[in-house]
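These are the residues of each chain, in order.
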Amino acid sequence: MSEAKNINPRGGGRQGRSQRRSYDQKRSEFDQDKGPELHEKVVFINRSSKVVKGGRRFNFSALVIVGDREGKYGLALGKANEVADAIRRGNELARMRMEKISYKGHTIPHEVSAAYDGARVLLRPASEGTGVIAGKTVRAVLDAVGVKDVLSKSMGSNNPANVVKATIAALKKLRTREEVLSVRGLNRKQKEEVTNTEV
């Protein structure tokens, strides 16, 4: 009898409850330590409808990106029956999925491009004072990350979700000079010595 009481009556079994507890645990940890103030941007909101016996039932999904403008960002899609709830849900999930990219200073270290489904994004370094030359979707990602000067070009699909993911894929490819040297097993001083010897 005790075994039967632990089973979820909705058919989810123990797995559904464990997943729910996992989300609640992450949310409580996030509430306890929110860290620095984050910049939040709603990229787009989508409305879907389902025809039921009593009429149409609407659901909303909001793609939200948050960032500390110092190299960290989080992206999530929140879904709910109301727009405000979808944005709040997306904000919470994005804050729990924070990642970091490699860049220093006011711009990106090198040119990079990436594609996601039908969208392709090209990013190029820019001199100080240029600003963010980008469309609103790419700009939302770059502002959240904290890149101040960059040139960009979006090609192919203009679907906001695909463009955002292509931009993030491009940012993940970035590598600083120090990271490249460490992968090669050299530090900056050794690299300069090797260059001088070759000359």
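Notes on the structure in this doc start here. (Residues numbered from 1 in each chain as written. Predicted model: local features only at pLDDT ≥ 70, side-chain atom pairs only at ≥ 80, totals over all residues. Heavy atoms only, no water.)

## Side note on the overall build of the protein
Going by this rule: The helix count covers DSSP runs of H or I at least four residues long, the strand count covers runs of E at least two residues long, and both are numbered beginning at the N terminus. Exposed residues in this analysis have more than 50% of their type's maximum accessible area, buried residues have under 20%, and partly exposed residues fall in between, with area computed by a 1.4 Å probe over protein chains only. Two residues form a contact once any of their heavy atoms are found within 4.5 Å. Calculation of accessible area relied on Shrake-Rupley with a 1.4 Å probe; when residues are assessed, cover is drawn exclusively from the protein chains displayed.
Along its length, the protein carries seven helices and eight strands. Residues counted as buried form 33% of the 199 residues belonging to the protein. Looking at the protein alone, contacts between residues at least 24 apart form 55% of all its contacts between residues at least 6 apart. Put simply, the protein shows about 13000 Å² of open surface, and 46% of that area lies on carbon and sulfur atoms.

## Considering the pattern of salt bridges
To be explicit about the condition: Salt bridges, as used here, are contacts in which a Lys or Arg side-chain nitrogen is within 4 Å of a carboxyl oxygen on Asp or Glu.
Counted under the stated rule, the structure contains four salt bridges. Residues Lys172 and Glu99 are paired through a salt bridge, measuring 3.3 Å at the closest nitrogen-oxygen approach. With Lys172 in helix α5 (residues 160-172) and Glu99 in strand β4 (residues 99-100), this residue pair connects regions lying 73 residues apart in the sequence. Look at Glu99 and you get partly exposed, because its relative accessible area is 37%. As a salt-bridge pair, Glu111 and Arg124 come within 3.2 Å of each other at their nearest N and O atoms. Of this pair, Glu111 sits in the loop between β4 and β5 (112-116) while Arg124 sits in strand β6 (residues 119-125), and the two are 13 residues apart along the sequence.

## Details of the nonpolar core
Here is the rule: Take the buried residues of types Ala, Val, Leu, Ile, Met, Phe, Trp, Tyr and Cys, join any two whose side-chain atoms come within 4.5 Å, and each joined set is a nonpolar core.
Residues Leu123, Leu142, Val145 and Leu171 are the most contacted members of the largest nonpolar core, which totals 31 residues. Looking at this core, the elements with two or more residues in it are β2 (55-67), β3 (72-80), β5, β6, α4 (136-145) and α5. With seven residues, the top contributor of residues to this core is α5.

## A word on the sheet that holds β4
Threshold: Whether two strands pair depends on DSSP finding at least two bridges between them. Think of each axis as a best-fit line through the C-alpha atoms, taken over the contacting stretch in the case of a helix, with angles from 0 to 180 degrees between the N-to-C directions.
The strand order β1-β2-β3-β4 describes an open sheet built from four strands, whose pairing is antiparallel. Lying at the two open borders of the sheet, with one neighbouring strand each, are β1 (39-52) and β4. Pairing analysis gives eight bridges linking β2 to β3, with the strands arranged antiparallel. Its bridge partner being in β3, Ala62 is matched across the sheet by Gly78. Where helix α3 (residues 83-96) meets the sheet, its contacts fall on β1, β2 and β3, and the angle it forms with β3 comes to roughly 145 degrees.

## Comments concerning the side chain of Asn91
Position of Asn91 among the secondary structure elements: in helix α3. Among residues more than four places away in sequence, those in contact with Asn91 are Glu40, Val64 and Val66.

## Observations concerning α3
Here is the rule we go by: By this rule, a helix spans an expected 1.5 Å times one less than how many residues it contains.
Counted at 1.5 Å a residue, the expected span for α3 with its 14 residues is 20 Å, and the 20 Å between its end C-alpha atoms agrees. Residues of α3 that are buried include every one of Ala86, Gly90, Asn91, Glu92, Leu93 and Ala94, and no others.

## Observations regarding α5
For an α-helix, 3.6 residues make a turn, and residues three or four places apart therefore share a direction. Condition: Counting of polar contacts relies on pairs of N or O atoms within 3.5 Å, with two restrictions inside protein: one atom must be capable of donating a hydrogen and the other of accepting it, and residues adjacent in sequence are counted only when both atoms are side-chain atoms.
Between the first and last C-alpha of α5 there are 18 Å, a value that for 13 residues agrees with the 18 Å anticipated at 1.5 Å per step. Among all positions of α5, only Ala161, Asn162, Val163, Val164, Ala166, Thr167, Ile168, Ala170 and Leu171 are buried. Sitting at the head of α5, Asn159 places a side-chain oxygen 2.9 Å from the backbone nitrogen of Ala161.

## A short note on the pairing of β2
Sheet topology note: the β1/β2 ladder contains 13 bridges and is antiparallel. Within the sheet, the bridge partner assigned to Lys50 lies in β2 and is Arg57. As consecutive antiparallel partners, β1 and β2 are separated by two residues.

## Focus: the side chain of Ser102
Structurally, Ser102 is set in the loop between β4 and β5. A distance of 2.8 Å separates polar atoms of two side chains, one belonging to Ser102 and the other to Glu179. The contact partners of Ser102, leaving out residues within four places of it in the chain, are Pro109, Leu174, Arg175, Thr176 and Glu179.

## Brief notes about the sheet that holds strand β7 (residues 132-133)
Spatially, β5-β6-β8-β7 is the arrangement adopted by the four strands of the open sheet, whose pairing is mixed. Edge positions in the sheet fall to β5 and β7, since each of these pairs with one other strand and no more. For β5 and β6, the ladder comprises five bridges, and the chain directions are antiparallel. Paired with Ala115 across the bridge in β6 is Arg120. Sheet contacts for α5: β5, β6 and β8 (150-156); angle to β5, the most-contacted strand, approximately 140 degrees.

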